[in-house]
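Working through the structure, step by step
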Amino acid sequence: APPASCRFRPHTHRVTAAMQIIPAIDIKDGHCVRLKQGEMATATVFSEDPAAMAQHWLELGAERLHLVDLNGAVAGVPKNELAIREIVAVIGEDIPIQLGGGIRDLDTIERYLDDGISYVIIGTAAVKNPGFLHDACYAFPGHIIVGLDAREGKVATDGWSKMTGHDVVDLGKKFEDYGVEAIIYTDIGRDGMLTGVNIEATVRLARELKIPVIASGGIGTLADVVELARHEKEGIIGAIAGRALYEGKLDFKAAMKAAKGKDAG
């Protein structure tokens, strides 16, 4: 049972609605950017105003937003809290916001949840310090998502710079037992490259877990969305899209229709 001091209402598990297309807002130096394969040097600035970008996705019908504090991910501590608070102020409680990047302690999680973030994403710290993840799931039930980045089935950490020997499915099951709300699975060979999501690997993970999986990395076309949506019943509740949306290669409204199994034409 969660501690009595837990002030955050747990979310209900397993979203039953159709698969969501989740726009990504990656924040670097207060701006909305996209990277190729996680390389900070490849940042392309798409907007000087992340809050306006969040408003744009909300108006188009987004059902959830994915935020990443890129500077925070590198530094290991939050670095873009002002921009994040501005986004929360714009979005309010209209849709859930999930946030990752530089989250390494319980105080940071508590602060972000107090600010109005719905889900906090723990990545590298989950793999390197499972005790922290366990504590986070206990203290903030229903609010913790783990981001697993992998190449050829093995998990990577530290902004993808270090490969571990951990198998994605094994770690996913372990974290499921801890009580995480969902897993965001990124195939790091494909992220930001528009080469198509690794559907096979994503589905394999979703089949092995009872908690939902959110696909990330490489979504480039409507065909990717259609293919992923076919596996929604196996527990894939969403797909994070970034570069393809910002470069106009993927039409958001058409992608949302495709995700819900409707004709995108």
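Everything here concerns the structure above.
Keep in mind that this is a model prediction, so the values were computed, not measured.

**A look at the pattern of salt bridges**
Overall, the coordinates contain 11 salt bridges when judged by the stated rule. E234 serves as the salt-bridge partner of R207, at 2.2 Å between the closest nitrogen and oxygen. In this pair, R207 is assigned in helix α8 (residues 199-208) and E234 in the loop between α9 (222-229) and β12 (236-241), connecting sequence segments 27 residues apart. A relative accessible area of 25% places E234 in the partly exposed class. In this structure, E247 and R243 form a salt bridge, with 2.7 Å as the shortest nitrogen-oxygen distance.

**Observations concerning unusual backbone geometry**
The phi torsion of most residues other than glycine is negative, and most of the peptide bonds are trans. Not every positive phi belongs to a glycine, and D29 is a case in point at roughly 55°. Topologically, D29 is positioned in the loop between β1 (20-28) and β2 (31-36). One non-glycine residue, E152, lies in the positive phi region at around 50°. With respect to the secondary-structure elements, E152 resides in the loop between β7 (144-151) and β8 (154-157).

**What about the packing of aromatic side chains?**
Each aromatic ring pair is specified by the distance between its two centres and by the angle formed by the two planes. Applying the stated rule across the entire model yields 4 aromatic pairs. Aromatic side chains F46 and Y246 sit 5.0 Å apart centroid to centroid with 20° between the ring planes, which places their arrangement in the stacked category. Residue F46 is located in strand β3 (residues 39-47), and its partner Y246 is located in helix α10 (residues 243-246); the two are separated by 200 residues in the primary sequence. Relative accessible area serves as the criterion here: at 24%, F46 is assigned to the partly exposed category. You can call Y246 buried: its relative accessible area is 14%. Of the aromatic side chains, those joined through ring pairs into one cluster are F46, W57, Y246 and F252.

Calculation notes
- Residues numbered from 1 in each chain as written.
- Predicted model: local features only at pLDDT ≥ 70, side-chain atom pairs only at ≥ 80, totals over all residues.
- Heavy atoms only, no water.
- Salt bridge = Lys/Arg side-chain N within 4 Å of Asp/Glu carboxyl O.
- Helix = DSSP H or I, 4+ residues; strand = E, 2+ residues; numbered from the N terminus.
- Buried < 20%, exposed > 50% of the residue type's maximum accessible area, 1.4 Å probe, protein only.
- Phe/Tyr/Trp six-rings, centres within 6.5 Å; stacked < 30°, edge-to-face > 60°.

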